[in-house]
Amino acid sequence: MKKSTLTALLLTGFVSAIAQESVFKVIQNKGGKTIAYAPTSGVKILTVNGLSFKDLNKNGKLDKYEDWRLADDIRAKDLASKLTVEQIAGLMLYSSHQSIPARPGGYFAGTYGGKPFKAGETDPSDLTDQQKKFLAEDNLRHVLITTVQTPEIAAKWNNKMQAYCESVGLGIPANNSSDPRHGTKARAEYDAAAGGEISMWPSSLGMAATFDPTLIEKFGKIAAAEYRALGITTALSPQVDIATEPRWGRFNGTFGESPWLSAVMGQAYCDGFQSSVWGAKSVNAMVKHWPGGGAGEAGRDAHYANGKFAVYPGNNFDAHLIPFTQGAFKLKGQTKMASAIMPYYTISWNQDKKNHENVANNYNKYMITDLLRTKYGYDGVVCTDWSVVALHKAMDSFLDGKAWGVENLSLVELHYKALMAGVDQYGGNNNIKPLLEAYEMGIKEHGEAKMRARMEASAVRLLKNIFRVGVFENPYLNTEETKAIVGKPEFMKAGYEAQLKSIVMLKNQAKTLPITTKKTVYVPKRFVAASRNFLGMETPASEDYPVNLEIVKKHFNLTDNADEADFALVFIENPKASIGYDKEDTKNGGNGYVPISLQYNDYKADDAREVSIAGGDILENFTNRTYKGKTAKVPNITDMQLVLNTKAKMKNKPVVVVVNTTNPMVFSEIEPSASAILLSFGVQDQAIIETIAGKNEPSALLPMQMPANMSVVEKQAEDVPYDMTCHKDADGNVYDFGFGLNWKGVIKDARVTKYKK
C-alpha cells in the first residue's frame, strides 16, 4: 500500500485492525467517542452534524440507543422499549461456562461444524456451533469465559463473537465475563523484566491478610485492564461473604471473617474494577453472594443439597450484610455501587421476616425485593448463581440443580418464581424456552402489561451495564495491544509484590528466620493422595518435591540427607476436608451426614449438635442432619506425618514449615514440631523462598482465627466472627484474628485492631 493511500485512510478515520485482518474498522470522532464496526455485519455508519454513529438496527436513522452523546440510562430505556419479549428473555440468560477453544468432551465441550475441536485443523478462535445457536436463536448476550488458550486467541474469538452479535437483531454486543483468573502457578519463576500469560496474585484471603485496601484497588485496576484486553467486561467477583464458619469450602474466596475488613476490601475491589468513572477502562463488578453464604450449617456448602442451609444461632444475620451495604454499595468512585449482585444458593434459615419462606435466596422475594431493592435501594442487576433454575436429583453432586426449598416446582415454575422474586438474570442458562413459558404464566396471573413492564425493567438494568463499559461503540480488540497488556512486566511485578505482602509468619522460635547465609537445606518429598475434583475428574496419587528446587538452590545448598542439613523446609497444605456428606454412611444405616474436620488426625464429633438447626430435602425422609459421634478422616494426614517425621530426622535442628492455606486449621498437631511457620495463600514458591532467605520481611496478619481444637469449632456459632478459643503456641502467641510476626516479633501496628469491631 502506498504511503499516501494509508495517510488518506487515517485522515478519514478508518483503520483496519488485527495484523492486516479486516475484521473491523475504527472511526475516531473528533471530541467524541471512538466507534468500531465489522463491515461484514451489515451495520452502516450514520453521519449527523459531522459525527459518526453505528446504525445497529439498520433502519437508516439515528435512534436514541445508537447515540453515544446520550446518557446510558436514556439509551438503555430506549433500546429496552424496542426489544421483543424474546429478545429481552435472551438478555436475561447468562451462558454456561465457555472454554476457548471448546474442549472435545466433558463439561466444557463444544463442536465446530458438528465436529469436536482438533488441534491443527480447527481455528481455536472460531465460535462453536453452540455459541452461534445461543446468540442467534436464544438471543443470549452474556457469556461466561473460562480457560483461554492464549490472550491473542481470546482477542480474536472476542472479535468474531462481537461481529456475529452486531450482525443479528438490534446489534446488541456480548457482555463477556469471567470468574477470578489471577491465581498463581506455584513453580513459575518471577523475573521482573519478563511478562506472563496474566498477572499472578495471592488468593482473596491472601489479599485480606495484607489488611491493605489500596493494594486490592490497585489489583482491581490492573485486572480490569487485562480483562478488557481479553474482551471481558464483567467480573463475577468479588466474593464478600464474611467467612464466619471456619469449615466452609469457599472460605478461600473471601476476605476472611471480619465484616469490616470484607467491606473495605470489597469496596476497593469494585472501585478498582469499575474505575473512577464508567468507560472503556471499566469492568462491571458482580459482587457475591447476597445476603452472605458464610454461615452454612456445620460448614457444608450450598453447591450441594446437603449444604443448602445457612443458620444463625448467634442471631447475627445483619452483620453478613455489612460488606454489601457499607462496602460494595458505597464506592468512593463515581460508579457509586457494584453494578451487579449474585445471591447465593443458600436458604437463609428463618430470616425471611415478611413471607416466612425458607427458600433459596435466589427465589426469596423478601431477600431480593424487600431487603435488597427496597430497604437498601439497590437498582443494579441481580443474577442468580449458576444452575439455580435446574432440577435437583442428587444430594452430593456439584453439577446438580440447586432449587433449594422449591425442589417440587417444574423448570418453568422455577423460572417464574425467581422472576417474580426480583432476579434479572439466570446464571448458567442458555435456553430461552422455559423463561418464555414463565412469561406466559405471568400473563395469566398478572396480565400482559404488568409482565412486559417487569421484563423491561430487567432489560434496562442489563443494557445499562453494557452501555456503561462502552462496547456498544467499540467491542473490538487489537490483538497486538492484547499481547502487550495481558501479563505485561509491570503488572507481573505488582502481583508478585502483593504475594510477598500476603505471607503470614505465625512462628519464629529463637529467630530461626531469616536464613541469610547459604546454608544446607533438606526438603522432603510430599505425598499427595489420589483425588477427584468437583467435576469428577481424577488425579492419581503422587510423591514429589513440593517446591521448585531450582529456586531453592539459588539461596541454599540442597541435600537429600537430613543429617547433612542445617535446616529442613517442609511444604504442606491445611487439612483437606470432605463436603460433610458420605453415601457410604447411608449404606450403614446413617443419614449421610459426617463431620467436616480441620485437623489431620481422625476426628470424632462428640461435641456436635444432637439435632441440626435446619434440615429437609425431597430426597430425604428426615430433617435432623446431625453427625454427632461420627468420625471424619482427611486424605492429607500424610502432611502432618511429614512434619513429625522430618522433625525426628532433624533432631534438634530447625524445621521450617510452610502451609498453603485455604481454611482455618488446628495447629496443635504440627506447631510443636516446627521452629518457624509461614502461611501461604496461594503464592509462588519464589515468594516463600525469598522470605525465608530474608529478601522479604513478613508483614501480613491473620484474616481469620485458628481454632485451638475441633471441640471449639463445633461449639462456635456459624454466623458469628471471632468466637473461637484460638491456638496458643510454644512461644505463648495466640493465633487470633490480626496476629502476625515480622523479624522483630509480634506486629502491633494500627491494622491489628482496626477491623475487629
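See the structure shown above.
Since the model is a prediction, treat every value here as computed from it, not as a measurement. (Residues numbered from 1 in each chain as written. Predicted model: local features only at pLDDT ≥ 70, side-chain atom pairs only at ≥ 80, totals over all residues. Heavy atoms only, no water.)

S.K.: I'm lost on the overall build of the protein chain in this one. Help?
M.R.: A count of helical and extended segments in the protein chain gives 21 helices and 31 strands. Over its C-alpha atoms the protein chain spans a radius of gyration of 27 Å, differing by no more than 12% from the 27 Å that the globule rule assigns to 757 residues. In terms of overall dimensions, the protein chain has C-alpha extents of about 85 × 70 × 50 Å along its principal axes. Counting across all 757 residues of the protein chain, residues that qualify as buried make up 59%. The long-range share in the protein chain, meaning contacts at least 24 apart out of those at least 6 apart in sequence, stands at 72%. Total accessible area on the protein chain stands at roughly 28,800 Å², and carbon and sulfur atoms take up 51% of it. (Helix = DSSP H or I, 4+ residues; strand = E, 2+ residues; numbered from the N terminus. Rg over C-alpha atoms; globule rule 2.2 N^0.38 Å. Buried < 20%, exposed > 50% of the residue type's maximum accessible area, 1.4 Å probe, protein only. Contact = heavy atoms within 4.5 Å. Areas by Shrake-Rupley, 256 points an atom, 1.4 Å probe, with all protein chains shown as cover.)

S.K.: Sorry, what's going on with the packing of aromatic side chains here?
M.R.: Remark: the centre distance and the inter-plane angle together describe each pair of aromatic rings, the angle taken between the planes. This structure, assessed with the given rule, holds 31 aromatic pairs. With centroids separated by 6.0 Å and ring planes inclined at 55°, the aromatic side chains of Phe-211 and Tyr-755 adopt a geometry described as tilted. With Phe-211 in the loop between α6 (204-209) and α7 (213-229) and Tyr-755 in the segment after α21 (751-754), the pair connects residues that are 544 residues apart, well separated along the chain. The exposure class assigned to Phe-211 is buried, which follows from its relative accessible area of 3%. With relative accessibility at 6%, the residue Tyr-755 sits in the buried group. Ring centres of Phe-309 and Trp-349 lie 5.2 Å apart, and the angle between their planes is 85°; on these two criteria the pair is classed as edge-to-face. Taken together, the residues Phe-309 in strand β13 (residues 309-310) and Trp-349 in the loop between β15 (347-348) and α10 (365-375) connect sequence positions 40 residues apart. In this arrangement the basic side chain of Lys-402 is found over the ring face of Tyr-345, its NZ or CZ atom lying 5.5 Å from the centre. Across from the ring centre of Phe-398, 5.4 Å away, lies the NZ or CZ of Lys-402, which sits over that ring. (Phe/Tyr/Trp six-rings, centres within 6.5 Å; stacked < 30°, edge-to-face > 60°. Lys NZ or Arg CZ within 6 Å of the ring centre and 35° of its normal.)

S.K.: It is not clear to me how the nonpolar core should be interpreted in this structure. Could you clarify?
M.R.: Most often, soluble globular proteins have nonpolar side chains that are buried together. Counting 153 residues, the largest nonpolar core has Leu-79, Phe-273, Trp-290, Ile-341, Tyr-363, Leu-463 and Phe-472 as its most contacted members. Judged by nonpolar contacts, the second largest core, of 65 residues, contains Phe-571, Ala-676, Ile-677 and Ala-700. (Core = buried A, V, L, I, M, F, W, Y, C linked by side-chain atoms within 4.5 Å.)

S.K.: In this structure, what is going on with the pairing of strand β28 (residues 655-660)? I would like to understand it.
M.R.: Most of β28 sits inside the fold, with five of its six residues counted as buried. For strand β25 (residues 567-573) and β28, the ladder comprises six bridges, and the chain directions are parallel. Note that in β28 the partner of Val-570 across the bridge is Val-657. Relative to strand β29 (residues 676-680), β28 runs parallel, the two sharing five bridges. Looking across to β29, one finds that Val-659 is bridged to Leu-679. (Pairing = 2+ DSSP bridges.)

S.K.: Please clarify how helix α13 (residues 448-468) should be interpreted in this entry.
M.R.: Note that an α-helix has 3.6 residues per turn; residues three or four places apart therefore point the same way. Look at α13: 30 Å from first C-alpha to last across 21 residues, which is about the 30 Å you get at 1.5 Å a residue. A positive phi of about 80° marks Gly-470, the residue just after α13. (Expected span 1.5 Å × (residues − 1).)

S.K.: Would you explain the side chain of Thr-646 in this entry?
M.R.: Relative to the helices and strands, Thr-646 is located in helix α18 (residues 637-650). Within the local environment of Thr-646, its side chain forms a polar contact with the backbone oxygen of Leu-642, the two atoms lying 2.6 Å apart. Residue contacts for Thr-646: discarding those within four places in its chain leaves Tyr-522, Pro-524, Ala-568, Val-570 and Val-655. (Polar contact = N/O pair within 3.5 Å; in protein donor to acceptor, adjacent residues only side chain to side chain.)

S.K.: Explanation requested: the sheet that holds strand β10 (residues 175-178) in the structure shown.
M.R.: Backbone hydrogen bonds are what pair the strands of a sheet, in a parallel or an antiparallel way. Taken in spatial order, the eight strands make up an open sheet running β16-β14-β12-β11-β10-β9-β6-β17, and their pairing is parallel. Looking along the sheet, the strands with just one partner apiece sit at the ends: β16 (381-382) and β17 (426-427). Here strand β14 (residues 340-343) runs beside β16; their pairing, made up of two bridges, is parallel. The residue of β16 that forms the bridge with Ala-340 is Val-381. Sheet contacts for helix α5 (residues 151-167): β6 (93-100), β9 (142-148) and β10; angle to β9, the most-contacted strand, approximately 160°. (Axes fitted to C-alpha atoms, helices over the stretch in contact; angles between N-to-C directions.)

S.K.: What am I meant to see in a negative patch on the surface here?
M.R.: Together, Glu-86, Glu-437, Glu-440 and Glu-448 give the surface a local cluster of negative charge. Position of Glu-86 among the secondary structure elements: in helix α3 (residues 85-91). (Patch = residues over 30% accessible without salt bridge, like charges linked within 9 Å, V, L, I, M, F, W, Y side chains within 5 Å. Salt bridge = Lys/Arg side-chain N within 4 Å of Asp/Glu carboxyl O. Lys, Arg positive; Asp, Glu negative; His and termini not counted. Charge placed at Lys NZ, Arg CZ, Asp CG, Glu CD.)

S.K.: Help me understand the side chain of Thr-128, please; the structure alone is not making it clear to me.
M.R.: Note on placement: Thr-128 falls in the loop between β8 (115-116) and α4 (129-136). Taking the relative accessible area as the measure of exposure, Thr-128 reaches 2% and is therefore buried. Residues in contact with Thr-128, not counting those within four places in the same chain, are Ala-102, Thr-111 and Tyr-112.

S.K.: How should helix α15 (residues 489-502) be read in this particular structure?
M.R.: Taking 1.5 Å of rise per residue, 14 residues should cover 20 Å, and α15 covers 20 Å from first to last C-alpha, within 8% of that figure. Here α15 has its buried residues at Phe-491, Met-492, Ala-494, Gly-495, Tyr-496, Ala-498, Gln-499, Leu-500 and Ser-502.

S.K.: Sorry, what's going on with the pairing of strand β3 (residues 34-37) here?
M.R.: Note: strand β2 (residues 25-28) against β3, four bridges, orientation antiparallel. If you follow Ile-27 over to β3, its bridge partner there is Ile-35. Taken together, β2 and the strand that follows it, β3, pair antiparallel across an intervening segment of five residues, in which Gly-31 is found at a positive phi of about 75°.

S.K.: Explanation requested: unusual backbone geometry in the structure shown.
M.R.: The bulk of non-glycine residues show a negative phi, and the bulk of peptide bonds are trans. That bond from Ser-237 to Pro-238 is cis: its omega, 10°, falls within 30 degrees of zero. Relative to the helices and strands, Pro-238 is located in the loop between β11 (234-235) and α8 (259-274). Of note in the backbone geometry, Lys-58 takes a positive phi value of approximately 60° without being a glycine. Accessibility expressed as a relative area gives 34% for Lys-58, which makes it partly exposed. Look at Lys-336: it is not a glycine, yet its phi comes out positive at around 70°. Note on placement: Lys-336 falls in the loop between α9 (322-328) and β14.

S.K.: What am I meant to see in the packing of α15 against helix α19 (residues 685-692) here?
M.R.: Helix-helix packing: each pair is described by the crossing angle between the helix axes and the interaxial distance. Between α15 and α19, the least distance of the axes is 9 Å, while the angle of their chain directions is 55°. The angle between α15 and α19 falls in the class oblique. Here α15 runs over α19; the crossing is right-handed. Across the interface between the two elements, Tyr-496, Gln-499 and Leu-500 from α15 touch Gln-686, Ala-687, Glu-690 and Thr-691 from α19. (Parallel < 35°, antiparallel > 145°, perpendicular 65-115°, else oblique. Left-handed = near helix turned anticlockwise from the far one by under 90°.)

S.K.: Please explain the pattern of salt bridges as it appears in this structure.
M.R.: In a structure, side chains of opposite charge can pair up when their charged atoms sit close to one another. Tallying each qualifying case throughout the model produces 43 salt bridges. Across the pair Glu-357 and Lys-417 runs a salt bridge, and its minimum N-O distance is 3.1 Å. With Glu-357 in the loop between β15 and α10 and Lys-417 in helix α11 (residues 411-421), this residue pair connects regions lying 60 residues apart in the sequence. A relative accessible area of 25% means that Glu-357 is categorised as partly exposed. A relative accessible area of 22% means that Lys-417 is categorised as partly exposed. Its salt-bridge partner being Lys-651, residue Asp-563 comes within 3.8 Å of it at the nearest N-O pair. One end of the pair, Asp-563, is in the loop between β24 (557-559) and β25; the other, Lys-651, is in the loop between α18 and β28, with 88 residues separating them in the sequence.

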